[in-house]
Amino acid sequence: MFDFSKLGIDVNGRTSGKMKVKCPFCHDRRTNKRDKSLSVNLGTGLYHCHYCGTSGKAEDFSNRFKINNTYGYNSGASRVPKSPWGGQVPPPANRVPKKQPTFTSRPIPGTLLVAAKATDEVAPKAPLTPPFEVAEGTVTGLLNEAVAPANFGALPVSGHATDEAPVNAPLTPPFAVTQATDAAPPNGAETPANPDAARDAALHWLMHDRGIPAQAVAYMKISSSQELMPQTGKKENCICFNYFEENELINTKYRDGRKNFKLITGAELIPYNIDGIAGTPQCIITEGEIDLLSFLAIDRTDVVSVPNGAGSNLTWLDRFVETHFEDKEVIFLAVDADEKGRQLQQELLRRLGLERCRIVNFGEGCKDANEHLLKFGVDSLAQALEDAPEVPLEDVYTAHDVSDELLAFFNNGFEQGAPTGLTALDNFITFETKRLCVVTGVPGQGKSEFVDEMVLRLCLHHSWKIGYFSPENVPLVYHLRKLFEKVSGKRFSPQCTGPELYRRVQNFMGNNVCHIIPKADFCVDTVLEKARQLVRRKGIRILVIDPYNRMEHQIPPGMSETQYIDNFLDKLTNFAVLNDCLVILVAHPRKMNRDARTGSPDRPTLYDINGSAAFFNKCDFGLVVERMPDVVHIYVEKVKFRNLGQPGMVPLVFNPTNGRYSLCDEDPTAGSPEMRVTNVKFNTDCWLPKEEDQELFWEGNE
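Residues numbered from 1 in each chain as written. Predicted model: local features only at pLDDT ≥ 70, side-chain atom pairs only at ≥ 80, totals over all residues. Heavy atoms only, no water.

Draft legend 1. Local environment of the overall build of the protein. When helices and strands are tallied, the protein shows 16 helices and 31 strands. Residues counted as buried form 49% of the 702 residues belonging to the protein. In the protein, the proportion of contacts linking residues at least 24 apart, taken out of those at least 6 apart, comes to 66%. A total of about 33600 Å² of accessible surface is found on the protein, and carbon and sulfur atoms cover 51% of it. (Helix = DSSP H or I, 4+ residues; strand = E, 2+ residues; numbered from the N terminus. Buried < 20%, exposed > 50% of the residue type's maximum accessible area, 1.4 Å probe, protein only. Contact = heavy atoms within 4.5 Å. Areas by Shrake-Rupley, 256 points an atom, 1.4 Å probe, with all protein chains shown as cover.)

Draft legend 2. Fine view of the sheet that holds strand β22 (residues 513-515). Read across the open sheet, the 9 strands follow the order β22-β21-β23-β24-β20-β25-β26-β27-β28; overall the sheet is mixed. Each end of this open sheet is capped by a strand with a single partner; those strands are β22 and β28 (660-663). Here the average twist between neighbouring strands, direction ignored, is 25°. When strand β20 (residues 435-440) meets strand β25 (residues 621-627), the two strands line up parallel, connected through 4 bridges. Its bridge partner lying in β25, cysteine 437 is registered against phenylalanine 621. Each of β21 (465-469), β22 and β23 (540-545) is contacted by helix α13 (residues 524-537), which is oriented at about 160° to β23, the strand it contacts most. Here helix α14 (residues 561-578) sits on the sheet in contact with β20, β23 and β24 (582-586), set at roughly 150° to β24. (Pairing = 2+ DSSP bridges. Axes fitted to C-alpha atoms, helices over the stretch in contact; angles between N-to-C directions.)

Draft legend 3. Focus on the pairing of strand β13 (residues 234-245). For β13, the tally of buried residues reaches 10 of 12 residues, placing the bulk of the element in the interior. When strand β12 (residues 223-229) meets β13, the two strands line up antiparallel, connected through 7 bridges. Its bridge partner lying in β13, glutamate 227 is registered against glutamate 236. Turn length for the β12-β13 hairpin, with the two strands adjacent in sequence and antiparallel, is 4 residues, and the turn residue glycine 233 shows positive phi of about 75°.

Draft legend 4. View of the pattern of salt bridges. The full count for this structure, using the stated rule, is 31 salt bridges. The closest approach of N and O atoms between aspartate 336 and lysine 367, which form a salt bridge, is 3.9 Å. You can see aspartate 336 sitting in the loop between β18 (330-334) and α5 (339-352) and its partner lysine 367 sitting in the loop between β19 (357-359) and α6 (369-376), a full 31 residues away along the chain. Of the residues examined, aspartate 336 reaches a relative accessible area of 4% and is grouped as buried. The partner of glutamate 347 in a salt bridge is arginine 350, with the nearest N and O atoms 3.0 Å apart. In this pair, glutamate 347 and arginine 350 both sit in helix α5, 3 residues apart, roughly one turn of the helix. Like arginine 350, glutamate 347 is buried. Several salt bridges converge on common partners, so that one network encompasses Glu347, Arg350, Arg541 and Asp580. (Salt bridge = Lys/Arg side-chain N within 4 Å of Asp/Glu carboxyl O.)

Draft legend 5. Spotlight on the environment of lysine 490. If you trace the backbone, lysine 490 turns up in the loop between α11 (476-488) and α12 (499-512). Looking at lysine 490, the relative accessible area reads 27%, which means it is partly exposed. The spatial distance from the C-alpha of lysine 490 to the C-alpha of asparagine 658 is 5.6 Å, given a sequence separation of 168 residues. In contact with lysine 490, not counting residues within four places along its chain, are Glu485, Cys496, Thr497, Leu501, Asn658, Thr684, Asp685 and Cys686. Here threonine 684 takes part through its backbone oxygen, which lies 2.7 Å from a polar atom of the side chain of lysine 490. (Polar contact = N/O pair within 3.5 Å; in protein donor to acceptor, adjacent residues only side chain to side chain.)

Draft legend 6. Summary view of the side chain of asparagine 242. The residue asparagine 242 is located in strand β13 in this model. Side-chain polar atoms of asparagine 242 contact the backbone oxygen of lysine 221, separated by 2.7 Å. The contacts of asparagine 242, once residues within four sequence positions are left out, are Ile108, Pro109, Met220, Lys221, Ile222, Ser223, Leu249, Asn251, Thr252 and Tyr272.

Next comes the structure, spelled out in structure tokens:
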């Protein structure tokens, strides 16, 4: 139980769960006295104010246990343990160890590779004491990978002391390992149904071939079972990496001998070993379970692995940013040294903050932590972690800092930006993040409709999540209806959209579209601060501000409107660069003159945007939307870099049924509208890919 009263935090007598309360640190100076800006986790003692930024942890006055090693809990005096590579390891936050869970909702699949003997009380986890020796001889390899047979029963389970003894005697729980009776088959053969043989082969592969201590296997509750794998179409012997959160089994990743992977259908994606970093001042992030186990071999339990391999889609991170990563002083990124690993590293840096991240370098010839462990041993891996450099100093760069990008640019030349999928538009403009796009047009001619379609297409094609500040689109459900129709291709009604399609589109928008509606004010600093939080918590890549004139503009005394707009646009550009986002600003033009013959307003340019020519001068992309009676013209007025596009005009036709724009051919010299606009192909298909009725799986890249 945590004592929040000493901090002035009123939890109303509650002792469990999560809640939001008024912040005692900033409430007195707040204008909105009703705002409960302080998030409190009663189970972990952590608190964080979303207004003033105050964070911390309440004192635990009921914990009867003192930590005296990295893994165990003992009563009595506590000493900070020494790490295997020297120095001291800061202990994790005090937590009362929980009893073994019952797993009533989802049991551990198969058989545990290393199981502790049954006792009345579950013993605390023992410290890992690498290295572990493996008996001479060979044994049948993991699962379907053929190796010569041998006596697995000779494998030792407990380790011997390292050169530097631990602070206290290590706790070595009794592990039960059964004698192998059958060998696993070679590739292509039928897999035996003997669970003991599969378990023993899996354990031997982890210990002998991957250098993982048996205590690390037991610590992570790794099991083995037979599972139907979609890649092979038959049951295979699999290692089961079990994903727990607060001692509850949430998901399981199955790995067979051919490096095929599968997750449980419908189960939530969470980081592997997420409980290991709760309340710790540091953490390590790896790209795979074997790399995580490699860090356990050097006595570091504050390590997690991404659940679905390398990639820039970190949706699984959203729920854990505040609870598990917000309090970290140092975050070690120990991902693979390949292209996918670098992409994952860049996205983690963007989401978690460069200032507290360190990049682990595994050295020449080593792609990941496990290769380094096997090649150089535990001491070298610990040293690589200790030597991990900080991210290079911000705002100062040399050619050495961008050597890889410079070489790729030298070899490959300019790269095209991200297309929208409207081929005629993509011929004139493609997009990049870290850019500012300004869109204008006479009011009522479809600027917002076109921007909505453009960003939805970028989201669907490139997984760029969207954040909107759009005060004109209220109530919020009105705007969501328009987005729903564009994605589904159908009218927003039960008669046109079935319940299954409604569920899929709602799920897509819930995961990829956010709206910023500040309670305090609509100033640019407030909106950008909320957007910065969305970058960290949701991973948005696109920020839409629609329109400029609905923001609150407080021009300081002595500053002209032109100077204010310059400063405003600088803030948007800096936000785009620092947060790796595409910022789209919709701005109305001044009152345009009307054509004396037709009565239609003249087409504006970016220079006609009310207030300043800086709207043209400071943007990277500039678009003008003009709606004619039977066609919409999209004018690409500015593309700053020629590899991303060129000025031009694209005719499109608007479909009022679903709000989509379709390509067409236009002949301005034709007399009738039917002859002037031709080859229009309206599309009413749903933009979302069809869901497959099978487990999630992918090819591994460990």
